[in-house]
Structures are given as structure tokens and as C-alpha cells.
Amino acid sequence: SSGINAEWPLRPGDHHEDTVLSVDFNDKEQLCISGDDVGVIAVWNPSDFTCIRKFTAGSDPINAVTFNLRKTKSIYISSGPLIYEYDLRNMDNPVASILDLHEDEVNQIATDDKGQYLISCDDEGYVCCIDVSRQPFKCVSKYQVHENICSSVQWVPGRTAEVVSGGMDCKIKHRDLYKYHPLKTITEPTVQEGIHIYNPPFVNSIATHWKSRYMTAAFNSGRVGLWRLGSRKIGYVFVRDLPEHQNGAGCATMINPNIVITGGNDSFINMSYLEVPEESRETNGTETAANHKDSVISRLFHGKKINWLSGGNFESDKQFSIFVADESQTITKYLYR
């Protein structure tokens, strides 16, 4: 039978001694990496929670960690304004680093589905693209996309050189990395009946999945929006609202093409399953909610403000795990069967 089982695997001091800010799960390698507020990175086994390696990348917070989808032995971390690549087979020293690309703190990093490029965003509103297929790393694009802090950036699936980013200017920018002007600027959709607004609509987090045409955005207002990628001329089209959060939706992730997970400042984790009928088609750039069925798998009270979420298939295709970083030193694993 289906259900959610919670495990509290990491005791304070085992892997981290300060607030965990970031976590990423690689379901191919069945490995997790996490980073904390004082520069410590841990690589660990999600089955028995054994710490494989623990090291320090400096004293700055580790705001982002990610695996390379193709180079499965490569991990990337952001430490303050710096970005490093480490090889899981030898983590004594970074394989490569970017030291002078960002002048302010990096908030998110993500590799493309070919494992060749990495995008990053920072507190000054810049979005950068780095060629990580060769050494030394090469910056291929850098633009100030947002008026102030850019909090989140992701690749547009199936669109080479296209990314989406969100920031404290309350805007989502869909852009081609090699063009100055954005392809489309998206703001929080018009408030619908029954949707409650709690805070300003800063864009806290954006999520895409390389096998899905959907994009999810978590707003500081508490709303969570869902868009679908249309033609190149149309771009992303708003579909509907997903379950909201009180006091702000802090982070969002898509652990597979059909499951969206969001975490909020209200300490809740919402999981929504997206069922898209085969007959659903784009019509003049619009879609109706009648063409979709959105069912909430679960609404979990986690008990602490959520800093970051990651997840994926765990040991089999019939169950998945969610890894939660919150204000504590520990990471929680939720297993859904």
C-alpha cells in the first residue's frame, strides 16, 4: 500500500555541525551530497546513511550542490562567489574551479542534460553559463538578468542554450543565453479565487525536469504556479496553481516528469502528481485546467522551515525518496511507496 515513511537518519555532528542549506540526490549512483552554512560538504549513502566523505571548501555557506547528469563521478558546489568541481573518486582537491566569474554569493547551479554546461546565478542578478566539459572552465555567457538578487535558475528541457531564472524583482525570465533580451518575462499570475496572498511575490525557486515540458515556480507570496512549454514563439504558458503555502513557498523540485514537490516557510511539504492525458494539446498557446488532473499525493508537516529539497527513485522504480534540508543540522528522508 502507498504511504509516507519518515526517517531521521543524520544525527547532529555525524555529517554536519551547522544548518544544512543544500542537498542533492543522484538516483543513478544512489548517492547524496549536502552542504551547510559553514562550508562543509558531505557525500553519503542514502540507504544506510554512511558518510563516504566529508570535507570543507572554505568558510562560506554552501548554497548549492549538484551532480552532473552525464559525468556521474563529478559534483559541483558553490561556496560564496566560487564554484568548484570535485571528482567523487578523489575529493582531496577540486578538479577545477571558477574564481572570478561571480562577485557576489552564488545561489543556485545546474548542469544541462548533456553534462557539458553549468548555469549559475548570484545575488547581483547575474546568470552565467560555464563550459565544464574542458579545463580550465570557460565562461560562455554572462548577463545581469534581474534587477537584484537572482535566487534560482534552471535549464529549459529540450531547448539548447535556453534557461529560466527567478529573482527578488518578482520576475521569471525565459532567455536564450546568447541573446541580450529575454524571450519572455513572466510575473506571478493574476490571483484566482481561493488563493491567499501572504507576502510579496519574490520568486524563491524554479524547478524543471529534463524529461518534462513543465516548469514550477515557488513564490514568496505562498503561491506555487505551473507552466507548460509551448512553441518557441509562445514559450511558457500558465496552466494552474498547485497547492499553496502559508508564509512563503521556499523551494520546489520535480523528482520525475510527473511529481512536483514544494517546501514552505510554513514547515509543510506538498507533493502533487501531474496527470496529463494524451489528448491534451496546445491550442493557440493556451491550455485549460479541464485538460489536466492534478492530485495531491500528500501534505506533510515537517516541523521546520524547509531550506532545500531533492529526491528521485530509490532502489526501484516503485518507490521514491525525498531528502529535506531544514534549519537544523540534520537531513530527513521521506520514503514513498
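Conventions we followed
Residues numbered from 1 in each chain as written. Predicted model: local features only at pLDDT ≥ 70, side-chain atom pairs only at ≥ 80, totals over all residues. Heavy atoms only, no water. Helix = DSSP H or I, 4+ residues; strand = E, 2+ residues; numbered from the N terminus. Contact = heavy atoms within 4.5 Å. Buried < 20%, exposed > 50% of the residue type's maximum accessible area, 1.4 Å probe, protein only. Pairing = 2+ DSSP bridges. Phe/Tyr/Trp six-rings, centres within 6.5 Å; stacked < 30°, edge-to-face > 60°. Lys NZ or Arg CZ within 6 Å of the ring centre and 35° of its normal. Axes fitted to C-alpha atoms, helices over the stretch in contact; angles between N-to-C directions. Salt bridge = Lys/Arg side-chain N within 4 Å of Asp/Glu carboxyl O. Disulfide = S-S within 2.5 Å.

Caption draft 1: Region of interest: the environment of Ile172. Among the secondary structure elements, Ile172 is positioned in strand S16 (residues 171–176). For the pair Ile172 and Ala217, spaced 45 residues apart in the sequence, the C-alpha separation amounts to 8.6 Å. If sequence neighbours within four positions are ignored, Ile172 has contacts with Val164, Ser165, Gly166, Lys184, Thr185, Ile186, Val203, Ile206, Met215, Ala217, Phe219 and Trp227.

Caption draft 2: Main features of the pairing of strand S15 (residues 162–167). Burial within S15 is extensive, with six of its six residues counted as buried. Where burial is concerned, the two faces of S15 agree: the one with Glu162, Val164 and Gly166 and the one with Val163, Ser165 and Gly167 are both buried. As consecutive antiparallel partners, strand S14 (residues 150–155) and S15 are separated by six residues, and within that stretch Gly158 has a phi angle of approximately 75°, a positive value. In this structure, S15 lies alongside S16, joined through five bridges in antiparallel fashion. When the bridges of S16 are listed, Val163 appears paired with Arg175. Between S15 and S16, which pair antiparallel in sequence order, lie three residues; one of them, Cys170, sits at a positive phi of approximately 65°.

Caption draft 3: Fine view of the packing of aromatic side chains. Enumeration according to the criterion identifies nine aromatic pairs in this entry. Connected via pairs of aromatic rings, a cluster forms that spans Phe25, Trp44 and Phe323. Positioned above the aromatic ring of Tyr126 is the side chain of Lys142, whose terminal nitrogen or guanidinium carbon lies 5.0 Å from the ring centre. Across the ring face of Phe268, the terminal group of Arg299 is positioned such that the distance to the ring centre comes to 3.9 Å.

Caption draft 4: Fine view of the sheet that holds strand S12 (residues 126–131). Ordered in space as S10-S11-S12-S13, the four strands form an open sheet in which the pairing is antiparallel. The sheet is open, and its two borders are formed by strand S10 (106–111) and strand S13 (138–144), each paired with just one other strand. Between one strand and the next, the sheet's axes are offset by a mean angle of 15°, whatever the strand orientation. The pairing of S10 with strand S11 (residues 117–122) spans five bridges and is antiparallel. In the sheet register, Thr111 faces S11, and the bridge partner there is Leu118.

Caption draft 5: Just the pattern of salt bridges, in detail. Going through the model one piece at a time under the given rule, you end up with 11 salt bridges. Glu147 is the salt-bridge partner of Lys171, the closest N and O atoms lying 3.4 Å from each other. Pair noted here: Lys171 is in strand S16 and Glu147 is in the loop between S13 and S14, with a separation of 24 residues, a long-range link. For Lys171, a relative accessible area of 25% gives the class partly exposed. On the accessibility criterion, Glu147 (62% relative accessible area) is exposed. Look at the salt bridges and you will find they share partners, linking Arg159, Glu162 and Arg232 into a network.

Caption draft 6: Layout of the state of the cysteines. For the structure on display, the rule yields zero disulfides. Here Cys128 stays unpaired: no disulfide links it, and the sulfur of Cys139, its closest cysteine neighbor, is 5.3 Å away.

Caption draft 7: Focus on unusual backbone geometry. The omega torsion of the bond from Gln135 to Pro136 falls at 0°, within 30 degrees of zero and hence cis. Counting through the fold element by element, Pro136 comes out in the loop between S12 and S13. Positive phi is not limited to glycine here, since Gln30 has a value of about 50°. When you line up the elements, Gln30 lands in the loop between strand S2 (20–26) and strand S3 (31–36). At Ser267, a position not held by glycine, the phi torsion is positive, near 75°. Within the secondary structure, Ser267 sits in the loop between strand S23 (259–264) and strand S24 (268–275).

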